[in-house]
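One-letter residues, chain by chain:
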Amino acid sequence: MLETIRGKRMMFVGDSLNRGQFTSLVCLIHKVIPDNAKSLHKVDSFTIFTAKDYNATIEFYWAPFLLESNADSPGKHRVPDRIVRKDSIDTHGQHWKGVDIMVFNTYIWWMTGRTFKILNGTFDDNIKYIADVPTEDAYRMAMQNLLRWIKGNMDPKRNRVFFTSMSPSHAWSKEWGGDPNGNCYNETKMIDDPNYWGSDSRKSIMQVISEEFGKSKVPITFLNITQLSMPRKDAHTSIYKERWGPLSPEERANPVSYADCIHWCVPGIQDVWNELLFAKLFYP
């Protein structure tokens, strides 16, 4: 992997699930690098791992919607009413130029209901024009923006572009025949049903991706991690995640409310995503 990225910049762009994949990849490779030949530091929306002897970086850039939004602060992004600015890919995209290998994702932050708020204009406007549009239409606009940026900034002869599909979550154990009031907490086995599909993973969003990516003139490698992750109700961080700090004893005692059934343990399932990423990178 390190030889593959020698002399290159590799960047993960998206939300905390993409950050988890970035973390997994750094964990997988950093032990073969001497301490004095590697570094990890954060600057604004960037987290950058440097392999000095390889003149290579693996980076993460926080942009949960890819477009400009009111949740773009890497440290203070818990906003009750999510708003994305229409056709604003260049706000963040200006920071991705010159990268050799891009790995994008965006999904879970869009899932606030059947509609989503889209801002026409800028966040600095005194009077803001905000439209409630169907979530699939809002997501389609984001994908069209992403494809426009890729076409204008990535050279198929020199660059590789990946897009990671939606990561399933397991917030309701009743969906796999478990406790009607439970979630992923204390789950230690995979889901047996090969046809299981959780309600958190919208097939209509997969359809939007399929339709829009099918129009792209620039090759994009689709990392379909959805189905392979779907059975893994046992692999989430549950009550052992630090949510902006460790859970209190009272919160740990209430896993129905506080278990994290979105993010994944490392080591774990995201290491498999990176095995898939490496296979597609090394054997395109």
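Below is a short write-up of the structure. Just so we're clear, the structure is a prediction, and the values are computed from it rather than from any experiment.

Thresholds applied
Residues numbered from 1 in each chain as written. Predicted model: local features only at pLDDT ≥ 70, side-chain atom pairs only at ≥ 80, totals over all residues. Heavy atoms only, no water. Helix = DSSP H or I, 4+ residues; strand = E, 2+ residues; numbered from the N terminus. Rg over C-alpha atoms; globule rule 2.2 N^0.38 Å. Buried < 20%, exposed > 50% of the residue type's maximum accessible area, 1.4 Å probe, protein only. Contact = heavy atoms within 4.5 Å. Areas by Shrake-Rupley, 256 points an atom, 1.4 Å probe, with all protein chains shown as cover. Lys, Arg positive; Asp, Glu negative; His and termini not counted. Charge placed at Lys NZ, Arg CZ, Asp CG, Glu CD. Disulfide = S-S within 2.5 Å. Expected span 1.5 Å × (residues − 1). Polar contact = N/O pair within 3.5 Å; in protein donor to acceptor, adjacent residues only side chain to side chain. Core = buried A, V, L, I, M, F, W, Y, C linked by side-chain atoms within 4.5 Å. Salt bridge = Lys/Arg side-chain N within 4 Å of Asp/Glu carboxyl O. Axes fitted to C-alpha atoms, helices over the stretch in contact; angles between N-to-C directions. Parallel < 35°, antiparallel > 145°, perpendicular 65-115°, else oblique. Left-handed = near helix turned anticlockwise from the far one by under 90°.

1. Brief notes about the overall build of the protein chain
Here is step 1 of the chain: Helix and strand content of the protein chain: eight helices and 12 strands.
Here is step 2 of the chain: A compact globule built from 284 residues should have a C-alpha radius of gyration of about 19 Å, and the protein chain, at 19 Å, falls within 12% of that.
Here is step 3 of the chain: Seen through its C-alpha atoms, the protein chain measures out along the principal axes to roughly 55 × 50 × 35 Å.
Here is step 4 of the chain: Classification of the 284 residues of the protein chain by burial places 48% in the buried group.
Here is step 5 of the chain: In the protein chain, the proportion of contacts linking residues at least 24 apart, taken out of those at least 6 apart, comes to 70%.
Here is step 6 of the chain: Surface exposure of the protein chain reaches about 14200 Å², of which carbon and sulfur atoms provide 51%.
Here is step 7 of the chain: Each charge class in the protein chain can be summarised by its mean position, and for the 35 positive and 33 negative side chains these summaries are 4 Å apart.

2. Some words on the state of the cysteines
Here is step 1 of the chain: What the rule picks out here adds up to one disulfide.
Here is step 2 of the chain: Considering cysteine sulfurs only, C184 is the nearest to C265, which forms no disulfide, with 8.9 Å between them.

3. Some thoughts on the side chain of Q270
Here is step 1 of the chain: On the secondary structure map, Q270 appears in helix α8 (residues 269-282).
Here is step 2 of the chain: When near neighbours in sequence (up to four residues on either side) are disregarded, Q270 contacts L17, G20, Q21, S24 and W264.

4. Details of helix α1 (residues 16-29)
Here is step 1 of the chain: Helix length check: α1 (14 residues) gives 20 Å between terminal C-alpha atoms against 20 Å at 1.5 Å per residue, within 8%.
Here is step 2 of the chain: For α1, the tally of buried residues reaches 10 of 14 residues, placing the bulk of the element in the interior.
Here is step 3 of the chain: With a side-chain oxygen lying 3.0 Å from the backbone nitrogen of L17, the N-terminal cap of α1 falls on D15.

5. With respect to unusual backbone geometry
Here is step 1 of the chain: Along the chain, V266 connects to P267 via a cis peptide bond; the corresponding omega equals 5°.
Here is step 2 of the chain: Summarising the element assignment, P267 is placed in the loop between β12 (260-264) and α8.
Here is step 3 of the chain: Even without being a glycine, N55 presents a positive backbone phi close to 50°.
Here is step 4 of the chain: Its location among the elements puts N55 in the loop between β3 (46-51) and β4 (56-62).

6. What to know about the environment of S229
Here is step 1 of the chain: With respect to the element layout, S229 can be found in helix α5 (residues 226-229).
Here is step 2 of the chain: On a C-alpha basis, the gap between S229 and N195 in space is 13 Å, while along the polypeptide they are 34 residues apart.
Here is step 3 of the chain: Those residues in contact with S229 that lie beyond four places of it in its chain are P168, H170, W264, I269 and W273.

7. Thoughts on the nonpolar core
Here is step 1 of the chain: Residues F12, V13, W96 and F104 are the most contacted members of the largest nonpolar core, which totals 69 residues.
Here is step 2 of the chain: Counting residues per element, this core draws most heavily on helix α3 (residues 135-153), at nine residues.
Here is step 3 of the chain: Sequence-distant contacts of V13, defined by excluding residues within four places in its chain, comprise N18, Y61, A63, L66, W96, M102, V103, F104 and N105.
Here is step 4 of the chain: I239, L247, A259 and C261 belong to the second largest nonpolar core, which has five residues in total.

8. Remarks on the environment of A142
Here is step 1 of the chain: Looking at where A142 falls in the secondary structure, it is placed in helix α3.
Here is step 2 of the chain: For A142, a relative accessible area of 1% puts it in the buried group.
Here is step 3 of the chain: C-alpha of A142 to C-alpha of V272: the two residues are 130 residues apart in sequence and 27 Å apart in space.
Here is step 4 of the chain: Ignoring anything within four residues of it in the chain, the contact list for A142 reads L67 and W110.

9. What about the pattern of salt bridges?
Here is step 1 of the chain: For the structure shown, the criterion picks out 13 salt bridges.
Here is step 2 of the chain: Here D35 makes a salt bridge to K38, at a shortest N to O gap of 3.5 Å.
Here is step 3 of the chain: For K38, a relative accessible area of 16% corresponds to the buried category.
Here is step 4 of the chain: The salt bridge involving E212 is made with R140; its shortest N-O contact spans 2.7 Å.

10. Topic: the packing of α1 against α8
Here is step 1 of the chain: For the pair α1 and α8, interaxial distance at closest approach is 9 Å and the crossing angle is 75°. By the angle between their axes, α1 is roughly perpendicular relative to α8. Touching L17, G20, Q21, S24, L25 and L28 of α1 are Q270, D271, W273, N274 and L277, all from α8.

11. Considering the packing of α3 against helix α4 (residues 203-213)
Here is step 1 of the chain: Contact pair α3 / α4: the axes reach a minimum separation of 10 Å and the direction vectors enclose 30°. Taken together, the axes of α3 and α4 are roughly parallel relative to one another. Read as a crossing pair, α3 and α4 show a hand that is right-handed. Residues E136, Y139, R140, M143, Q144 and L147 of α3 touch α4, and the partners they reach there are S204, I205, V208, I209, E211, E212 and F213.

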